[in-house]
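Coordinate analysis (summary)
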Amino acid sequence: MPQTQSQISRPGLLRQLGFFSATALVISNMVGTGIFATTGFMAGDLGSAALIIACWTAGALFAFAGALSYSELGVNFPSSGGEYVYLTHAFGPEWGFMTGWVSFFAGFSAPIAVTALAFTEYLSHFFPALSQANTPIVLGSGILSLHLGPAQAVACGLIAVLTVLNCLGVGFTAKIQNSLTVTKLCVIIGFVVLGLAFGTGSWSHFSQHIARTSTASLPAQFAISLLWVMFGYSGWNAATYVAEEVHRPERTLPAALAAGSALVAVLYLGLNVVYIYSTPLEQMKGVIKVGALSASNLFGPGIAGVFSALMALSIVATVNAELTIGPRVYYAMAKNRAFFPAAARVNPRYHTPVFAILSQGLCAMAMTLTSFRDLLTYIGMSLTIFTVLSVASLMVFRRRRPGWQRLRAIDFAYPLLPVSYILVGAAMVIFGFKEATVASLTAFATVGVGALVYHFVLRPRPSE
């Protein structure tokens, strides 16, 4: 069908991102709150250094299996939107809408909020009032509580500034992102190398076992901790969300997903080794800014301040990456009349979905008022449900579509990789629901509300 003049002149997204920029998005979206803020919780809940390393290793294998599966999906659907595109084609528009709906809240807005709060936690090394432990006003308890204080104000300010910058164009923010990503990698690699080479630590920490703070059985707690780990690894699918803006997606997407995931897995394991080498598990229990604590033990409080500042800057890169990627999901949905129409509007000057970017920024700012630990479980549960469904869609497409482009990495021992991902993800959801019921119910409630919104508001009617 020929295009109308309005369709031809309508502004759209541009293919501006190459391999380096796409990989930078993957790395920056992965390396953030998860690795800088969850190992302290895991120390208390698991009580063993070996189990912490095992959990991060299992997460790496799980993420890599997911990244390979998404690579094949991305090659066959080189358009923005990620899971929304895959589930719509595999299971129908209602499932596509629900993954986009959940992405808005749990996939991007909540992680942006958690990451911004981690930023304030590292700044609390210099300004103690910015620590969540010093929040002056807490209303309620658990995931439904409201936290009001300086930490939340600074986190909201960071989100607001980066939201505005993202409205100015993906090419502009990609330059900022590339610089921040290089800085982040230098900080992490420097911290690992210098910590092991010159820091004051002890390898005896790896043989320590401490009293656990969790009452759940070890298998159940391992699954719950794996939910947090998968939040740390969750950016492995980042490049698929901007597929419509990637040069030669059939080659760039698989390379960016694989390279980004593999590099981050090595960095995460290296960081956890340094954390445990530097700090006894008992001292690490429940600490959010575990990187700053490790730096202090390795190099003394003076050098710890330098690393705290650099880690805070590294976390800014993660906030920026998430603010860049999320709106492309809502944009893709709105173009197909599966989200609010304003999300499909692209600014004619900057070629960015401004309404989608601003909406996400406002939602993330509101979520900074929520409990940090419960947000982690809510995010991990929500993301796992829909990434499992997306990987399952790969098996559906392979069966339904004879001309489907297949990756050799998936063909090897097929269906080992996708089935493994599905089984492990299902176990995480079941154990998570059993042991963290309220946060899990909140995740399922988000899905349920999305289904109602689609059914009563956005579902096409027979007369349309």
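Below or above, wherever it landed, is the structure these notes cover.

The rules behind these values
- Residues numbered from 1 in each chain as written.
- Predicted model: local features only at pLDDT ≥ 70, side-chain atom pairs only at ≥ 80, totals over all residues.
- Heavy atoms only, no water.
- Phe/Tyr/Trp six-rings, centres within 6.5 Å; stacked < 30°, edge-to-face > 60°.
- Helix = DSSP H or I, 4+ residues; strand = E, 2+ residues; numbered from the N terminus.
- Buried < 20%, exposed > 50% of the residue type's maximum accessible area, 1.4 Å probe, protein only.
- Lys NZ or Arg CZ within 6 Å of the ring centre and 35° of its normal.
- Contact = heavy atoms within 4.5 Å.

Now for the packing of aromatic side chains. One pass over the full model with this rule turns up 21 aromatic pairs. Look at Phe191 and Tyr275: their rings are 6.4 Å apart centre to centre, the planes differ by 55°, and that puts the pair in the tilted class. With Phe191 in helix α9 (residues 170-198) and Tyr275 in helix α11 (residues 249-278), this pair connects stretches of sequence that are 84 residues apart. Overall, the relative accessible area of 0% leaves Phe191 in the buried class. When the centroid spacing of 5.0 Å and the interplanar angle of 15° are considered together, the rings of Phe397 and Trp404 count as stacked. Since its relative accessible area comes to 7%, Trp404 is described here as buried. We note Arg398 situated over the ring of Tyr414; from NZ or CZ to the ring centre the distance is 4.4 Å.

On to the environment of Ala259, then. The topology assignment puts Ala259 in helix α11. What makes Ala259 partly exposed here is its relative accessible area of 32%. Excluding anything up to four places from it in sequence, Ala259 contacts Phe19 and Thr23.

Moving on: the side chain of Thr384. Residue position: Thr384 is located in helix α16 (residues 372-400). Its relative accessible area of 3% is what places Thr384 among the buried residues. Discounting chain neighbours no more than four positions away, the residues touching Thr384 are Leu227, Gly425, Met428 and Val429.

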